[in-house]
Structures are given as C-alpha cells and as structure tokens.
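This is what each chain is made of:
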Amino acid sequence: ESFRGKVVISSRFTGREIADHISNPILVPAPISTLNWEQRSLIDPSAKRKDILISWKDNISGLQATEIVRALLRVRPETTLTVWCPRPGFLAGVQDALPGIEIVEKLSERELCDLYLNHSLLLFTSTFEGLGLPPIEGLACGCIPILHPDVGAADMYTEDGTNSIHLNGNVADTALRVAQVLDS
C-alpha cells in the first residue's frame with residue numbers, strides 16, 4: 001500500500017498510520033531528532049543560503065557526487081559547496097578534486113541542523129540505505145534533497161520536481177536541473 005498522502009509515524013519497532021487533518025502530510029521517522037522539526041520556524045526564505053550541502057558517506061557515493069558537481073560547475077561556476085562527512089579524516093583529496101569547497105566533519109546535532117538550514121540543496125548520492133535520514137532531516141529544515149529515488153524509503157517521501165530532484169543516471173541532465181533550481 002502506498003503511503004503517499006498519509007501521515008506516517010514510524011520507528012524501528014512499529015509503524016502505524018494516523019488519520020489527521022493536515023493539508024500537506026509528511027513522513028516523520030521517529031529516529032529523527034525533534035530539533036530538526038522545531039527549526040522549521042527559523043527558516044527565513046529571504047535569507048541568502050549556500051547552494052549545496054554534499055553528504056559524503058563513502059567513496060562510491062563521493063565519486064558520483066564529484067561528477068555531478070564538476071558538471072554543475074561547468075554550467076554554474078558560482079555555485080557554493082559544502083561537503084559534510086561524519087567520518088573524520090575520510091575526505092583526503094576532496095579539496096584537490098573540488099577546489100574551493102568547504103569541508104565539515106564531526107558535528108553536533110545542533111551544528112548539523114544549522115548546516116541544513118543554511119543550504120538550499122542536499123546532494124545525497126548514497127546507493128545503499130535503510131531509511132536514509134539525511135534527506136528527511138534536510139527536508140525538515142528546508143534543504144531540498146537530490147537523491148536516488150529507489151534507495152531507502154525515498155519513494156515514500158519524495159516526488160521528483162516537487163520536493164526533491166531525483167538522480168536519473170545522466171550527470172549532465174542532473175547538473176542542468178540543479179542549476180535551474182538554484183537560479184529560480
């Protein structure tokens with residue numbers, strides 16, 4: 001059964017459907033800190049945000065992110081980029097591959113939330129996830145995810161062109177779509 005259009009609360013132990021009178025239902029996984037949901041009121045649509053936060057989980061997803069970013073920088077060289085990796089020291093060589101990029105490693109929950117709040121898009125190229133929390137956390141803070149639609153539970157909470165950009169295997173196409181979103 002599809003969860004689209006329904007409010008769902010899930011945890012690793014239970015999942016249940018809840019009837020509600022919300023005009024824009026959302027998926028709320030219990031493992032996400034309430035801090036992210038509480039921060040929605042702090043989003044200032046008029047504030048200047050950095051362009052893209054890249055979630056770098058491993059070298060495979062990092063290589064794909066690098067390809068997309070290089071293609072994006074060819075069509076939109078002024079793009080501002082931040083790489084976040086929860087593994088300290090794992091990003092050796094990233095600044096050589098992507099000059100001018102800001103690198104952020106070990107963060108507190110508050111710092112991670114601020115990172116989401118201060119970026120327009122989250123590039124999440126992981127191809128193996130259980131649920132995939134970073135895109136959900138990003139959405140909670142107004143940071144639109146760019147992700148694989150068939151990884152984790154992304155198909156339950158994202159819709160390409162509405163609240164996310166789905167990766168389609170075409171790097172040039174993805175770069176153009178991202179540039180259009182950033183320029184709109």
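Coordinates for the structure precede this section.
Scope of this entry: the structure provided in the associated data block. No experiment lies behind these values; they were computed from the predicted model shown.

With respect to the sheet that holds strand β8 (residues 144-147)
Right, so step 1: Spatially, six strands are ordered β6-β5-β4-β7-β8-β9 in an open sheet, and the strand pairing comes out parallel. Every other strand in the sheet has two partners, leaving β6 (102-104) and β9 (165-166) as the edge strands with one partner each.

Focus on the pattern of salt bridges
Right, so step 1: Enumeration according to the criterion identifies six salt bridges in this entry.
Right, so step 2: Among the ionic pairs, E78 bridges to R76, the shortest N-O distance being 3.6 Å.
Right, so step 3: Looking at R76, the relative accessible area reads 7%, which means it is buried.
Right, so step 4: Residues R110 and D114 are paired through a salt bridge, measuring 3.7 Å at the closest nitrogen-oxygen approach.

Side note on the side chain of T174
Right, so step 1: By the secondary structure assignment, T174 is in helix α7 (residues 171-183).
Right, so step 2: What makes T174 buried here is its relative accessible area of 3%.
Right, so step 3: Discounting chain neighbours no more than four positions away, the residues touching T174 are I68, I146, L167 and N168.

Brief notes about empty space enclosed by the protein
Right, so step 1: Tallied over the entire structure, the rule returns two cavities of 30 Å³ or more.
Right, so step 2: For the largest cavity, the full set of lining residues is F124, S126, E129, L131, G132, P135, L147, H148, V151, G152, A154 and Y157.
Right, so step 3: Among the residues making up the lining of the largest cavity, the classes are represented as seven nonpolar, four polar and one charged.
Right, so step 4: Computed from the structure, the second largest cavity encloses a volume of approximately 30 Å³.
Right, so step 5: In this structure, the second largest cavity is lined by I52, I68, V69, L72, L123, I146 and V178.
Right, so step 6: With three residues, helix α2 (residues 59-75) is the single largest residue contributor to the lining of the second largest cavity.
Right, so step 7: Within the lining of the second largest cavity, the residues separate by chemical class into seven nonpolar, no polar and no charged.

Conventions and cut-offs
Residues numbered from 1 in each chain as written. Predicted model: local features only at pLDDT ≥ 70, side-chain atom pairs only at ≥ 80, totals over all residues. Heavy atoms only, no water. Pairing = 2+ DSSP bridges. Helix = DSSP H or I, 4+ residues; strand = E, 2+ residues; numbered from the N terminus. Salt bridge = Lys/Arg side-chain N within 4 Å of Asp/Glu carboxyl O. Buried < 20%, exposed > 50% of the residue type's maximum accessible area, 1.4 Å probe, protein only. Contact = heavy atoms within 4.5 Å. 1 Å grid on protein atoms, 1.4 Å probe; cavity = no way out; pocket = protein on both sides within 12 Å on 5 of 7 lines; lining within 4 Å. Points joined across faces, edges and corners; volume = space filled by probe spheres on them. Nonpolar A, V, L, I, M, F, W, Y, C, P; charged D, E, K, R; others polar.

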